[in-house]
Amino acid sequence: MSNNQEREVLLSCRDLKVSFPKGKEKFYAVKGATFDIYKGETFAIVGESGSGKTTIGRAIIRINDSEGDVIFKGKKINGKLTKAEDREVIKSIQMIFQDPATSLNERANVDYIISEGLYNFHLYKDEEDRKKKVVDSLKSVGLLQEHASRYPHEFSGGQRQRIGIARAMVMEPELIIADEPISALDVSIRAQVLNLLKKLQEEKGLTYLFIAHDLSVVRFFSDRIAVIHLGEIVELASSEELFLNPLHPYTKSLLSAVPMPDPEVEKNKKLITYDGSCHDYSVDKPKWVEIKEGHFVRGNDAEIAMYKKQIENK
Amino acid sequence: MEEKNIVLSAKDVVVKFHVRDRVLTAIRKVSLDLYDGETLAIVGESGSGKSVFTKTFTGMLESNGWVDNGEIMFEGKNLLENKKNRDWEKVRGAKIATIFQDPMSSLNPIKTIGSQITEVVMKHQGKTKAEAKEIAIDMMDRVGIPNAADRFDEYPFQYSGGMRQRIVIAIALACRPKILICDEPTTALDVTIQAQILKLIKDLQKEYGFTTVFITHDLGVVANMADRVAVMYGGQIIEYGTVEDIFYNPKHPYTWALLSSLPQIGVKGEELYSIAGTPPSLFNEIKGDAFAPRNPHAMKIDFEEEPPFFQISPTHYAKTWLLDPRAPKIEPPHEIKVLHQRMVEMTSKGGAFYVE
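Rules of the game
- Along every chain, residues carry numbers that run from 1 in the direction the sequence is written.
- As a convention, the first chain written is A and the first ligand written is 1, with the rest following in written order.
- Only residues with pLDDT of 70 or above have their local features reported here, since the model is predicted, and side-chain atom pairs are shown and tallied only from 80 upward, although totals for entire chains, interfaces and linings are computed over all residues.
- Note: side-chain values were computed over all heavy atoms of the structure, leaving out hydrogens and water.
- Nine residue types can take part in a nonpolar core, namely buried Ala, Val, Leu, Ile, Met, Phe, Trp, Tyr and Cys, and a core is a set of them joined through side-chain atoms within 4.5 Å.
- We call a residue buried when its accessible area falls under 20% of the maximum for its residue type, exposed when it is over 50%, and partly exposed in between, using a 1.4 Å probe and counting protein chains only.
- Only DSSP runs of H or I with at least four residues qualify as helices, and only runs of E with at least two residues qualify as strands; both kinds are numbered from the N terminus onward.
- Working rule for contacts: check all heavy atoms of both residues, and any pair within 4.5 Å makes them a contact.
- Here a polar contact is taken to be a pair of N or O atoms separated by no more than 3.5 Å, where protein atoms must pair a possible hydrogen donor with a possible acceptor and residues adjacent in sequence count only if both atoms sit in side chains.
- Here the aromatic set is Phe, Tyr and Trp, taking the six-membered ring for Trp, and pairing holds for ring centres within 6.5 Å; pairs whose planes are under 30 degrees apart are stacked, those over 60 apart are edge-to-face, and all others are tilted.
- When two parts are brought into contact, each loses some accessible area as probed by a 1.4 Å sphere; the total of that loss over both is the buried area.
- A carboxyl oxygen of Asp or Glu within 4 Å of a side-chain nitrogen of Lys or Arg is what we treat as a salt bridge.
- Each residue receives one of three labels: charged for Asp, Glu, Lys and Arg, nonpolar for Ala, Val, Leu, Ile, Met, Phe, Trp, Tyr, Cys and Pro, and polar for the others, Gly being one of them.
- Only strands joined by at least two bridges in the DSSP assignment are considered to pair.
- Simply put, an axis is a line fit to the C-alpha atoms, just over the touching stretch for a helix, and the angle between two N-to-C directions goes from 0 to 180 degrees.

Student: Can you walk me through the nonpolar core in this structure?
Tutor: Nonpolar side chains in soluble globular proteins generally cluster together in the buried interior. By size, the foremost hydrophobic cluster in this structure holds 130 residues, and its most contacted members are Phe210(A), Leu8(B), Ile27(B), Phe53(B), Ile96(B) and Ile179(B). Sorting elements by how many residues they give to this core places helix α6 (residues 187-204) of chain A first, with eight residues. Excluding its chain neighbours within four sequence positions, the residues that come into contact with Phe53(B) are Ala10(B), Val13(B), Ile27(B), Val30(B), Leu32(B), Ile42(B) and Met232(B). Of all hydrophobic cores here, the second largest spans 38 residues; its members include Ile113(B), Ile145(B), Leu198(B) and Phe210(B).

Below, the structure is given as structure tokens:
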């Protein structure tokens, strides 16, 4: 990651905060996230439900209002935009949602669901071209041509998610926010979809923001990983570095919870449970520190000193 | 395994569904013995029939589905002779309980947690309200709800996903069932919560001695939970054996493919092993081996005749022509042979999943 400085930043979040009203007060689901996503990379945000990982994705695609800056290709996009800019951002950033049951229009058939973006932006030559695009995207996600005329309720959860992926891909966006895109898919299809996402990335220079809870998938799939816990990014590093030198106790607990496909290994496994009370931030406040080139971790001075020692001892 | 008692025995079960004027055969002649006190994992993709098969144990098939053939022996009776709902109610919940994937949809959102547990206790055990409350709080305590008595009157929305699943488990176990069917119980949960729930089910099993059928598509979870594993594909069990048989000496090419395609064993920068194609459509009659069209090792006979079960060891059986003495010797893929070694490396010092 030594060439980070020279790499083109596609999307940048600066002190991104997202709040929801809680009575008269505000509840911050994302408490100030700062990270860059480079063009062509896969940047993963890993965390558990309630951590705010999905909310970050939704703030970037502007479903949720946010404070701070979301900068896409050098332009701040989380504020007022002209209509033309707005359309451009919508087309360029597509999302694959977490819950395929609620993200598909129940009253529309698959053909229309996939074509809706094409219709809105008129991204097809003629009816034949549109149909071809729909069929191609259906096939690429492991569905059949005959599925185009069916309705979402006729599909299993896994198949619905594939429709959602097809819908995003057909727009040919630059950045895809993939929110748990394979969680609902079967293992054999997961591998197909991951390979497909990788292939599309290579062919089209796509950039992914990959939101997931499963570190085993993220390890294989991502270039850089941010671990988020309760609205706060606690660690960020390249994929290799994060797995080699996990520093934050929360990262370690996530790692230990990944079920490994080996009975002997599983039976001897030690689970690490994370308890936020292991941090004493009453006096010594936590900071976001680059502890090694490209490896950031959240901690107070005492913890940072300890983490430094851990890295040196490796 | 030999001395173990069979608690439930399914024989030649065939399940069909009416779907828009067509008949879909979801389960194609499946037989399975369940041993007392064991954890049997049923692994398969969606549509492989793993849920549908176990739903026949409790008569919970959707209204457009029916058991076309077979018998399911439980406590000396063929469960499939149950015709009325009243007959099923003596089994369902009372002797064979099921935990589903989504705890929110298994719980009634407008009734308190406490009342949902006591309801079951009162109905099945004939206890008074006060007795039932005591049992309910005790159960909540056992499944790890802190301050159970205080949280008795709360509603499901006040519980987190993991806590809700704990409640569902408490409800399922309130009647001390003989068999607990866990249908993807942790799929909707976070990994750290999943680890807790899996441990909870194992601990409770030790305490209560029930038999667990664990339905999942996650082979990591299988490795963690199972004593025995049955792999399902296209409405049939295609391989079964002890957990060691399946993970360390798999024989069916579909089991090979499933294990090889796991992201846990993926090497970064390389393509993940993936199974080409999609599972077969169960609307059509399947000729030969259902996996043949996706199987790179498929032989001519795979497309013509359904393979029988071949015995590999007293515990291990696989339904593939590759085990026929006349078949050519096919080595399992490289990923399978190095799986254990790779997993050990990954979880020991210096490995990606090593944690101090």
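Student: I would appreciate a short explanation of the environment of Glu306(B) in the present structure.
Tutor: Residues and elements named next belong to chain B. Counting through the fold element by element, Glu306 comes out in the loop between α11 (253-260) and β11 (310-313). Judged by its relative accessible area of 36%, Glu306 is partly exposed. Sequence-wise, Glu306 and Ala290 are 16 residues apart; in three dimensions their C-alpha atoms are separated by 8.1 Å. At 3.0 Å, the side chain of Glu306 forms a polar contact with the side chain of Gln236. Side-chain polar atoms of Glu306 contact the side chain of Lys319, separated by 2.8 Å.

Student: Can you walk me through the packing of aromatic side chains in this structure?
Tutor: The geometry of an aromatic ring pair is captured by the separation of the ring centres together with the interplanar angle, meaning the angle of the planes. Enumeration according to the criterion identifies 16 aromatic pairs over all chains in this entry. On the basis of an interplanar angle of 85 degrees and a centroid distance of 6.0 Å, the ring pair of Tyr119(A) and Tyr124(A) is categorised as edge-to-face. Taking the relative accessible area as the measure of exposure, Tyr124(A) reaches 15% and is therefore buried. Taking the centre distance of 5.4 Å and the plane angle of 70 degrees together, the rings of Tyr240(B) and Phe309(B) count as edge-to-face.

Student: Would you mind going over the interface of chain B and chain A with me for this structure?
Tutor: When the parts of a complex come together, some accessible area is lost, and that lost area is often used as the size of the interface. Between chain B and chain A, the residue contacts involve 53 residues of the former and 47 residues of the latter. Taken over both partners, the interface formed by chain B and chain A buries close to 4400 Å², and the fraction arising from carbon and sulfur atoms is 59%. When the area that chain B buries against chain A is broken down by residue, the three leading residues are Val191(B), Lys268(B) and Phe353(B), summing to 16%. Glu154(A) is paired through a salt bridge with Arg20(B); the nearest N and O atoms lie 3.0 Å apart. On inspection of chain B and its partner chain A, the count reaches nine residue pairs in polar contact (both at pLDDT 80 or more). When contributions to the side of chain B that touches chain A are tallied by element, the ones reaching two or more residues are α8 (191-208), α9 (219-225), α10 (243-248) and α12 (334-347) of chain B. Counted by class, the side of chain B that touches chain A contains 26 nonpolar, 18 polar and nine charged residues.

Student: Which parts of the structure should I look at to understand the pairing of strand β9 (residues 228-233) of chain B?
Tutor: Looking along a regular strand, one sees the side chains alternate between the two faces of the sheet. Residue and element names in this part refer to chain B. Most of β9 is tucked away, with six of its six residues classed as buried. With burial as the criterion, each face of β9 is covered, one bearing Arg228, Ala230 and Met232 and the other bearing Val229, Val231 and Tyr233. Across four bridges, strand β3 (residues 39-43) lies against β9 in parallel orientation. By the bridge assignment for β9, Ala41 is matched with Val229.

Student: I tried to follow the pattern of salt bridges on my own but got confused; where do I start?
Tutor: Between side chains of opposite charge, a pair can form when the charged atoms approach closely. In this structure the tally under the stated criterion is 36 salt bridges over all chains. A salt bridge links Glu331(B) to Lys337(B); the nearest nitrogen and oxygen atoms lie 3.4 Å apart. Connected through salt bridges with shared partners, the residues Asp111(A), Glu127(A), Arg130(A) and Lys131(A) form a single ionic network.

Student: Where do I start with the sheet that holds strand β8 (residues 211-216) of chain B in this structure?
Tutor: Strand pairing in a sheet takes place through backbone hydrogen bonds and is either antiparallel or parallel in direction. All names here are of chain B. Spatially, β6-β7-β8-β3-β9-β10-β12-β11 is the arrangement adopted by the eight strands of the open sheet, whose pairing is mixed. The strands lining the two open edges of the sheet, one partner per strand, are β6 (96-99) and β11. With direction set aside, neighbouring strand axes in the sheet form an average angle of 20 degrees. One ladder, built from six bridges, connects β9 with strand β10 (residues 236-242); its direction is antiparallel. Opposite Arg228, over in β10, you have Thr242 as the bridge partner. Seen against the sheet, helix α7 (residues 161-173) touches β6 and β7 (179-183) and runs at an angle of roughly 175 degrees to β6. Contacts from α11 reach β3, β9 and β10 within the one sheet, and its direction differs from that of β9 by about 100 degrees.

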